[in-house]
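As a plain string of letters, each chain reads:
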Amino acid sequence: MIRFKDVSKTYTGKEGPVKAIKDVNLTVSDGKIYGIVGYSGAGKSTLIRMINGLETPTTGSVTVNGQEISQLKGEALREARLKIGMIFQHFDLLWSRTVLENVEFPLEISKKGNKEERRKKAEELIKLVGLQGKEKAYPSELSGGQKQRVGIARALANDPKILLSDEATSALDPKTTDEVLDLLVDINRRLGLTIVVITHEMHVIRKICDHVAVLDAGTIVEDGPVLDVFKHPQQAITKRFVNQETSTGSADDTQVVVDQLLESHPNGVIVKLTFHGDQAKLPIVSEMLRQFPDTNMSIIEGNIHQTQEGSIGSLYIQLTVENDNQEQIQGALDYLKTMRVETEVINREQ
Amino acid sequence: MNNNGFASFFEFNNVDWTKMGQATWETVWMTVVSMIAVAIFGIILGLILFETQNSNSIGAKIINWVVAALVNIFRSIPFIILIVLLLPATQALVGTIMGPRAALPSLIISAAPFYARLVQIAFDDLDHGVIEAAKAMGATRWQIVTKVLIPESSPALVSGITVTTISLIGYTAMAGAIGAGGLGNLAYLDGFQASNNAVTMMATIIIVVIVFIFQFLGDAVVKKIDKR
Ligand SMILES: Nc1ncnc2c1ncn2[C@@H]1O[C@H](COP(=O)(O)OP(=O)(O)OP(=O)(O)O)[C@@H](O)[C@H]1O
Ligand SMILES: [Mg+2]
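Values in this document were obtained by computation on a predicted structure and should not be read as measured data.

### Comments concerning the interface of chain B and chain A
Taken residue by residue, the interface counts 23 residues in chain B and 23 residues in chain A. The contact between chain B and chain A buries some 2000 Å² in all, and 61% of this surface belongs to carbon and sulfur atoms. Our count for the chain B to chain A interface comes out at two salt bridges. Of the charged contacts, one joins B:E132 and A:R49 as a salt bridge, the two residues approaching to 2.4 Å between their closest N and O atoms. Between chain B and chain A we count seven residue pairs in polar contact (both at pLDDT 80 or more) in total. For the side of chain B that touches chain A, the elements supplying multiple residues, two or more each, are α6 (128-136), α7 (141-152) and α8 (154-180) of chain B. Sorting elements by how many residues they give to the side of chain B that touches chain A places α6(B) first, with seven residues. A per-class count over the side of chain B that touches chain A returns ten nonpolar, five polar and eight charged.

Okay, here's the thing in structure tokens:
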């Protein structure tokens, strides 16, 4: 378990003190994937680096598995760090070593086992991350995704209980990002590892995290289970992060389409439907059309995403009726409500 | 013996090849021995400079200041003056002020500070993230030096020592002029003073060849170890 208690961090920069972290309290339970999302400069790196003592809090305490990391020094701190793996945005591999030697590196540091045992362990880890056959390659001969796999194998070498990920997928393309994220989930399940992920991409949170905290200017402004936060974001910044992920086109694009439709169909209504969990799998919309045959529907925009706890999706539709039969529309909307789909009628912008 | 005119530079039958061979060996010996010593001292000094910069502790600041001052002073003293300045120390250290051994202290003291700066730059140029990563894995300072700093900057360290060694070859010739032996000494005594131009010419050719060989070896090693 990782616990931050009233943690603040002030840097003494050249232009006076910078309050990078302000009164942060958080708890990461064992075996969970905990995400921290925030914009650049929010203090994410500062926060995660306190977990392995690369930074020390100015006030407050950081406790990892009952040990107060912020108080450890020298040998005790190094000992604790062996049990906390870390992966980085720019991979930070040793270019002078092969893949195999890079993975052996932390074992040399911990002086675990003899040369043969280290080799064996490294080979196992390379297999675990799916890089067999690349043992003799140098980092410069690998793609970004492969380099991060080496980074992950290296981070796991000393059998840590915790894995820290500082923007580990930010330098990767979307497909590779997903592959690396899948690997992290796989490791979390297989090894029961606690993972703390920091990112500025809500996609990462949605895809792998159980719990999310939103960091804004050094303060955690919102946190909770990922699905809850996606369903009911409270703060403006959280809404922006959630929108980044749930609208496929940019928000502006959608508004343009909505405006056009409102113009050409003054009678119709435009509705935003939000689905979550199992609803996303049910044929709710087709059932609605069957029950209210006078309604016509056109889809403006929609998307659906998988999270660790279930699906979440949103759909913009336009409903029009023959003969201006407003009752049919109202009936359709009521039907959706009874199916517990969140509906929001969007009106002309004033 | 015709010692005037252009042709005199190429009358190599005037060259005493045994002496030339001996002088070549002395030059190579001075170069290689001082190169090894410069590499060791330069890396140690460069490491001290690197490790003590940007530190908050007073002790580290003082060490950094003292080492940086010494490095800058010895780097700015012209070599020929340094030899003269070091004569008493040389006498005490190696028991003589003549011959190749006597050249070593001044060669090392003039080149090590220069190389120390190159070493510090090489370490500074390393990606800070790699050092952080090692720290995050629980590495000690010493492990970071031996497993990260030195191996990761090895191409820069080798090309640095190549550059330093080539200027060392020049210094050996200068040291030779005031009695340290080697090709510089031979060119001065048997070539210039005895007006045997062919000896001067031959000594020059051999020095150029030695420089080329060191440069070639240095480049080859860098190419082999640079996996970036
Ligand atoms: N060593 C330092 N000295 C002074 N100020 C610092 C230092 N490190 C970070 N800061 C400041 O602390 C704040 C938070 O920095 P931090 O690196 O934690 O942000 P971040 O959320 O990780 O940003 P990014 O997404 O760009 O990596 C910033 O305002 C930054 O300028
Ligand atoms: Mg950061």
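### Let's talk about the packing of aromatic side chains
Residue and element names in this part refer to chain B. Within the structure shown, the criterion is met by six aromatic pairs over all chains. Ring centres of F50 and F123 lie 5.6 Å apart, and the angle between their planes is 75 degrees; this geometry places the pair in the edge-to-face category. One end of the pair, F50, is in helix α1 (residues 17-52); the other, F123, is in helix α5 (residues 100-125), with 73 residues separating them in the sequence. Both residues of the pair, F50 and F123, count as buried.

### Quick word on the domain arrangement of chain A
One widely used convention gives an interface's size as the accessible area the parts lose upon coming together. Residues and elements named next belong to chain A. Structurally, chain A comprises domain 1 (2-246) and domain 2 (251-346). Computed over C-alpha atoms only, the centres of domain 1 and domain 2 are separated by 40 Å. Note on domain 1 versus domain 2: buried area summed over both sides is about 1100 Å², and carbon and sulfur give 51% of it. Across the contact surface, domain 1 and domain 2 share zero salt bridges. Breaking the side of domain 1 that touches domain 2 down by element, the ones donating at least two residues are α6 (174-191), α7 (202-208), α8 (226-231) and α9 (236-246).

Reading guide: rules and limits
Residues numbered from 1 in each chain as written. Chains lettered and ligands numbered in written order. Predicted model: local features only at pLDDT ≥ 70, side-chain atom pairs only at ≥ 80, totals over all residues. Heavy atoms only, no water. Contact = heavy atoms within 4.5 Å. Buried area = accessible area lost by both parts, 1.4 Å probe. Salt bridge = Lys/Arg side-chain N within 4 Å of Asp/Glu carboxyl O. Polar contact = N/O pair within 3.5 Å; in protein donor to acceptor, adjacent residues only side chain to side chain. Helix = DSSP H or I, 4+ residues; strand = E, 2+ residues; numbered from the N terminus. Nonpolar A, V, L, I, M, F, W, Y, C, P; charged D, E, K, R; others polar. Phe/Tyr/Trp six-rings, centres within 6.5 Å; stacked < 30°, edge-to-face > 60°. Buried < 20%, exposed > 50% of the residue type's maximum accessible area, 1.4 Å probe, protein only. Domains from an automatic or database assignment.

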